[in-house]
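What follows is each chain in one-letter form.
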Amino acid sequence: MTKSPRVVVIGAGVVGSALADELTERGWTDVTVVDQGPLFAPGGSSSHAPGLVFQTNPSKTMTEFAAYTVRKLSGLTLDGQWCFRQVGGLEVATTEARWTDLRRKHGLATSWGVEAALLGPDECAARHPLLDPAAILGGLHVATDGLAKAVRAVEAQARRAIGRGARFLGGHTVVGIGRQDGRVTGVETDQGFIPAEIVVCAAGFWGPRIGRMAGLTVPLLPLAHQYAVTGQVAALAGVNDPALEAGRPILRHQDRDLYYREHGDRIGIGYYGHRPMPIDVDDIRPPGDMVMPSVLPFTEDDFAPAWRESVALLPDLSGTKVEEGMNGIFSFTPDGFPIMGEHRELAGFWVAEAVWVTHSAGVARAMAQWLVDGQPGTDVHECDLNRFEQVQLAPDFIEERGKQNFIEVYDIVHPLQPMEKPRPLRTSPFYPRQRELGAFFLEGTGWERPYWFESNAALPATVPARDEWSARYWSPIAAAEAAATRQRVAMYDMTPLKRLEVSGPGALAFLQRLTTNNLAKTVGSVTYTLMLGHDGGVRSDLTVARLAEHVFQVGANGPLDEDWMRRHLPADGVQVRDITAGTCCVGVWGPLARDLVQPLTRADFSHAGLKYFRATSAYLGEVPVTALRVSYVGELGWELYTSADLGLKLWDTLWAAGREHGVVAAGRSAFNSLRLEKGYRAWGIDMTTEHDPYEAGLGFAVRMDKGDFIGRAAIEGRTAETARRRLTCLTLDDPAAVVMGKEPVFAGGSAIGYVTSASYGYTVGRTVVYAWLPAALAAPGTALAVEYFGERLPATVAAEPLFDPQMERIRR
Ligand SMILES: Cc1cc2nc3c(=O)[nH]c(=O)nc-3n(C[C@H](O)[C@H](O)[C@H](O)COP(=O)(O)OP(=O)(O)OC[C@H]3O[C@@H](n4cnc5c(N)ncnc54)[C@H](O)[C@@H]3O)c2cc1C
């Protein structure tokens, strides 16, 4: 490939145009942006988006995307006209639940570096005089939020890109994707073929149609959403300079699914409270004279509640009425995140889809970095095209979850709250038994995963009472299950964890190249290792069991691990197979685990017979198992794998044998607590591609002397001592206090870091918190505070792990 490859971007909306700008800025100047519609308002969502930019989001990545959009567009003008008006953003609460949640959101903003303030009703009304202070309890104000003028931002960024050599072609409809030998060769348009080494689909809600041309499922659902504009509001007459459009903050009234902005002396009202209105991408009109394909006729009846609620919040609206409205189309995905990345089966075909104006520049920058530098420069695992399991790509799933995301877009969503439909999807072979035991299930990647079992309700547990928020999707039963694990023995369903089999004569060399630890060990070895990106960031952590000379079982984190492996497969000699669905796993852990398991088998499960971090094949009764002597909960025991057909038999065998030892079934609530007491990190929560192994406390899994591996050059010379930030263990000083994750951490009056994982540690008797902190503040004994719903909870840095640092409980 030449240094500056030929790139075609499909779509001249706010994403495509930002991408052309970012690519050309990085020296990739051979960029052609094609759009079926006329430039620079070709008729997609960007052509009429009202452009409200609220930066704060539960996701750090999404917040950073938005913050970059704000910074970038604030510095842009088009012929002297603004592209971004920093009028501030105000989210008001009319219910106690929302007011409480705004305090949590204030914490999120602080964690991600966005300055925000909580205001009382009068202060809100002072900033936005149309507000009735009597109707609200308060608001969250972010001074740097504001309005993006999407159409101008499209043209301003396009002009910059054109100035560096890019071409923008309106009236070019892409009708096919060229390919040869698994690589993209260009795009076929109604005006002819445009060759390219790289094609990026930024076609907004048309993405699924373009995806089909490339043999790719783009899992998004186009939905119509109502936006209306009033006539003149008397109180606004003459207030705003027409050229500036707005002076008051953009406003959200999420308790009623509404948002507002000024259009001079009129008010624009967006509404998410109506029924979901999915649109079939094939029914969307092509652009043409006077046709805005993304705009459908306004359905007045759907808007009636919005108007009533708007007048209640902004009484001055009673003197006017809605003068124009539309049902505008844009994209919703199954999990609410954008879709970014490269098609695995068609090299060079990339997508940047389901992106709001809010995140457009941030997404475009990450895409450009990904293309030019090989890595997106920020953690995009939540947005990665390849994050979905196959079942999540079913059209019915995409539709159901897309609609649900529309409904919930302004809801207060608890971090553990699952979507209710479609469920159940994936169940382990133990599911019938788990139901009999009264499992409380939550869903993850389609799997039903027990969090605790009502059958354990009678077991003793002393645990402090909780506030309403942290008590959701939680039960004190988790404490009893944790105690049973530490004192006796428990069975954990580990089936949903992704398992890959990597086999073939080249398997060892392949895994050695992909991971940091040394896997060249005897058959039967088990190794904890990391996959790094080329920049040394942690892409994943894996537990690799060498089951035969050329067969490795890899405990992975999800579809992205398989994707990364497949992208690095040599031409022959290595196979990667996802064996998750065909197999299952029970973790049997606790001081009595050996008393339970050994009598079931003629194999030697003694400490000497099967050492810690060793694997063996055995029969438990009639059931053939692969046993890995590892423990994520810090107790003696094994992960016991068998094929799915024998799963129920395995469960029943273990259960029957365990009765005399007081075995319990235990769920993820207890599991999460136990792993944090032991300091075991969870990838994607505690560390991501943004962190190197030493910062994350995982230097022990790196063997610099084993030969080359991906990421090695980048981490050369780094050590735990050179790390400037650290994933750090804290405990909350008050044994009754609880936090949930993502809260800001304070030293003195300053926010200095954020929480990743947190759970009550039932053995240590206080909440265990992991947080990213500057290294200088990560020394044990340092007094800090964690902010939870506005309250600063004293916390102290602790030496880790908190539980059994000598590993005496595991190694015996
Ligand atoms: C009513 C409404 C209100 C909104 N409010 C906000 C808001 O306040 N804040 C916010 O952040 N976001 C908002 N959004 C969402 C936002 O508008 C979109 O997410 C964003 O504009 C998408 O940008 P895009 O560049 O990905 O897609 P688009 O702007 O849709 O661009 C895609 C382009 O691809 C072109 N294309 C498609 N198929 C082909 C083909 N076959 N050949 C050639 N070209 C093709 C289309 O013509 C189109 O121009 C709103 C959306 C709507 C509908």
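Before reading further, recall that the structure is shown in the block above.
Residues numbered from 1 in each chain as written. Predicted model: local features only at pLDDT ≥ 70, side-chain atom pairs only at ≥ 80, totals over all residues. Heavy atoms only, no water.

### Regarding the packing of aromatic side chains
We apply this condition: Classification of ring pairs rests on two measures: the distance between centres of Phe, Tyr or Trp rings, Trp counted by its six-membered ring, which must be within 6.5 Å, and the angle between planes, read as stacked under 30 degrees, edge-to-face over 60 and tilted in between. The secondary structure listing takes helices from DSSP runs of H or I that are at least 4 residues long and strands from runs of E that are at least 2 residues long, numbered from the N terminus. Burial classes: relative accessible area under 20% of the type maximum marks a residue as buried, over 50% as exposed, and values in between as partly exposed (1.4 Å probe, protein chains only).
Evaluation of the coordinates by the stated rule reveals 28 aromatic pairs. Look at Tyr 259 and Tyr 272: their rings are 5.9 Å apart centre to centre, the planes differ by 45°, and that puts the pair in the tilted class. You can see Tyr 259 sitting in strand 18 (residues 258–263) and its partner Tyr 272 sitting in the loop between strand 19 (266–271) and strand 20 (277–278), a full 13 residues away along the chain. Residue Tyr 259 shares its accessibility class with Tyr 272, and that shared class is buried.

### Considering the pattern of salt bridges
To be explicit about the condition: A side-chain nitrogen of Lys or Arg and a carboxyl oxygen of Asp or Glu constitute a salt bridge if their distance falls within 4 Å.
If you walk through the whole model with that rule in mind, you get 51 salt bridges. Linking Asp 335 and Arg 387 is a salt bridge whose minimum nitrogen-to-oxygen distance equals 2.8 Å. Residue Asp 335 is found in the loop between strand 22 (322–332) and strand 23 (339–342), and its partner Arg 387 is found in the loop between helix 8 (357–373) and helix 9 (395–407); the two are separated by 52 residues along the sequence. The partly exposed category is assigned to Asp 335, whose relative accessible area is 31%. The salt bridge partner of Glu 436 is Arg 433, with a shortest N-O separation of 3.3 Å. Separated by 3 residues within a single helix, Glu 436 and Arg 433 lie in helix 10 (residues 431–436), roughly one turn from each other. Residue class for Arg 433 comes out partly exposed when judged on its relative accessible area of 23%. Salt bridges here are not isolated pairs; linked through shared partners, they connect Asp 21, Glu 22, Arg 26, Lys 72, Arg 160 and Arg 164.

### Notes on the packing of helix 1 (residues 14–25) against helix 8
Quick reminder of the rule: Axes, fitted as lines to C-alpha atoms, cover a helix only where it is in contact. Angles between the N-to-C directions of the axes lie from 0 to 180 degrees. Here is the rule for angles: anything less than 35 degrees is roughly parallel, anything more than 145 is roughly antiparallel, 65 through 115 is roughly perpendicular, and the remaining ranges are oblique. Handedness of each helix crossing follows the sense of rotation of the near helix against the far helix: counterclockwise by less than a right angle gives left-handed, clockwise gives right-handed. Throughout, a residue-residue contact means that at least one pair of heavy atoms, one from each residue, lies within 4.5 Å.
For the pair helix 1 and helix 8, the least separation of the axes is 8 Å and the interaxial angle reads 40°. Classified by the angle their axes make, helix 1 and helix 8 are oblique. The way helix 1 lies across helix 8 gives a crossing that is right-handed. Every residue of helix 8 that contacts helix 1 at Val 14, Val 15, Ala 18, Leu 19, Glu 22 and Leu 23 is listed here: Val 357, Ser 360, Ala 361, Ala 364, Arg 365, Met 367, Ala 368, Leu 371 and Val 372.

### Remarks on the state of the cysteines
How we decide: Two cysteine sulfur atoms form a disulfide, by the criterion used here, when they sit within 2.5 Å.
Overall, the coordinates contain 0 disulfides when judged by the stated rule. Left unpaired, Cys 383 is separated from the closest cysteine sulfur, that of Cys 201, by 16 Å.

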